[in-house]
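# A closer look at the structure
Below, each chain spelled out in residue letters.
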Amino acid sequence: MPSTTVRIGLIGAGGIAGAHIAGYLRNPGTVTFAAVADPVREAADLRAGDTGAAVYADYATMLAEADIDAVDICLPHHLHKDAIVAAARAGKHILCEKPLCLTPEEAAEVDAAVTAAGVTLMCAHNQLFLPAVAKAKELIDTGVLGHVYEVRTTDSFFNDFDPSNMGWRSHAATSGGGELIDTGYHPTYLLLHLAGGSPVEVTAMLATHRLLFMEGEDSAQLLVRFDNGVIGSLVTSWAYQPADGTEKFSVVGELGSLTSDGLSLSYRRRGDAAPTMVELPPVHEFEAEIGHFARSILAGTRPLHTQKEGIQVLGIILAAYESARDRTIAPVRSVGELVGSGPQPD
Ligand SMILES: NC(=O)c1ccc[n+]([C@@H]2O[C@H](COP(=O)([O-])OP(=O)(O)OC[C@H]3O[C@@H](n4cnc5c(N)ncnc54)[C@H](O)[C@@H]3O)[C@@H](O)[C@H]2O)c1
């Protein structure tokens, strides 16, 4: 392990890889973009550009040959688990795009491999690095809102996918479901982060409003009960733009509330004449995310979300699918239940 930078090997050189590479290049003091693996040579060459990163056709060879400390997994969803396990067995730290993996069996394999290897896995939950989210968490944790009752999150947009450009995302076997386990992962980890407890039960309604060619849903609405009493509600969609004024997230507690569109944040305590607007610095989300990953590796500290939170988010989503299928309130399996009887991740 070099003392100054984390040497990263990128696995998967598609759409989101560009944002991750921007994150590497904005962290020159802590990150070196050392290698990239993708069977599509043009994609790998395009992402390597003039950075000097070594190009590989497959990640097994990269893991065996490249001088890297960590991998950054930017693959289609059904390929995440195998790449995590291979990287852990090769002793590499791991940054993995959402979703961590797709099933309880995969979660068990991921957790066992990462734990046995003693490597760090960070879930690439980029929206946690929005200053508005960090400020909201601080306001909650310092008691400004008192005991929290309700958290709402929304992540919806008009997606112009069609069957010709949707690729692996239109099939449940490769995406793991529909919109909820894809874009819906973002408002789910945000809900988990802001609620602060462990999820207990979920009820969900799924819909396919517009992207009728998808095997899975294009929209979902969830209610989630947490063990600390918080009730979360979540709306996510590829079918439509939310109505004007819809917040990205909001929190209500015994002493007041906060609301954010993701860029700005205001809060109001009961009795205040007007809301307090919070000044927030501009941020490059992926610079912040990659920087956090690198610092966690270099300092040996726990990243904000490890496989533990990745598995908790998966637990909420699997319970939502079960709830929608059975038209009931579904229990959320704990991390221990999802990974089996072994030790729970820290
Ligand atoms: N955080 C976000 O906002 C965000 C946005 C988009 C995508 N994502 C996530 O990023 C991941 C990738 O999505 P994308 O949009 O970049 O997909 P994509 O289809 O654009 O790219 C996937 C890449 O993986 C490559 N690939 C396939 N099999 C491979 C293998 N065995 N080894 C190496 N490379 C292989 C493909 O050739 C392709 O270049 C997904 O998990 C997705 O959910 C996150």
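Here's what I pulled together on the structure shown here. (Residues numbered from 1 in each chain as written. Predicted model: local features only at pLDDT ≥ 70, side-chain atom pairs only at ≥ 80, totals over all residues. Heavy atoms only, no water.)

What follows covers the packing of helix 4 (residues 80-89) against helix 5 (residues 104-117). A pair of packed helices can be characterised by two numbers: the angle between their axes and the separation between those axes. Viewed as axis vectors pointing N to C, helix 4 and helix 5 meet at an angle of 15°, and their least axial separation amounts to 9 Å. Taken together, helix 4 and helix 5 sit at an angle that is classed as roughly parallel. Crossing of helix 4 against helix 5: the hand is left-handed. Here K81, I84, V85 and A88 of helix 4 come into contact with helix 5, specifically with E106, E109, V110, A113, V114 and A117. Grouping the constituent residues of the contact of helix 4 with helix 5 by class yields seven nonpolar, no polar and three charged. (Axes fitted to C-alpha atoms, helices over the stretch in contact; angles between N-to-C directions. Helix = DSSP H or I, 4+ residues; strand = E, 2+ residues; numbered from the N terminus. Parallel < 35°, antiparallel > 145°, perpendicular 65-115°, else oblique. Left-handed = near helix turned anticlockwise from the far one by under 90°. Contact = heavy atoms within 4.5 Å. Nonpolar A, V, L, I, M, F, W, Y, C, P; charged D, E, K, R; others polar.)

For the rest of this paragraph, the subject is the nonpolar core. With 101 residues, the main nonpolar core has I94 and L222 as its most contacted residues. With nine residues, the top contributor of residues to this core is helix 10 (residues 307-326). The contacts of I94, once residues within four sequence positions are left out, are V71, I73, I84, A87, A88, V114, V119, T120, L121, M122 and F293. The next biggest cluster of nonpolar side chains, apart from the first, holds five residues, and it includes F161, M166, L211 and M214. (Core = buried A, V, L, I, M, F, W, Y, C linked by side-chain atoms within 4.5 Å. Buried < 20%, exposed > 50% of the residue type's maximum accessible area, 1.4 Å probe, protein only.)

As a further point, take helix 2 (residues 41-48). Within helix 2, the full set of buried residues consists of A43, A44 and A48. What you see down the axis of helix 2 is that its buried residues fit within an arc of 130°, all on one side. In helix 2, the exposed positions angled more than 90 degrees off the buried face are occupied by E42 and L46. Buried-residue contacts for helix 2 involve strand 2 (31-37) and strand 3 (54-56). Positioned one or two residues after helix 2, G49 has a phi angle of 50°, which is positive. (Arc of directions from axis to C-beta.)

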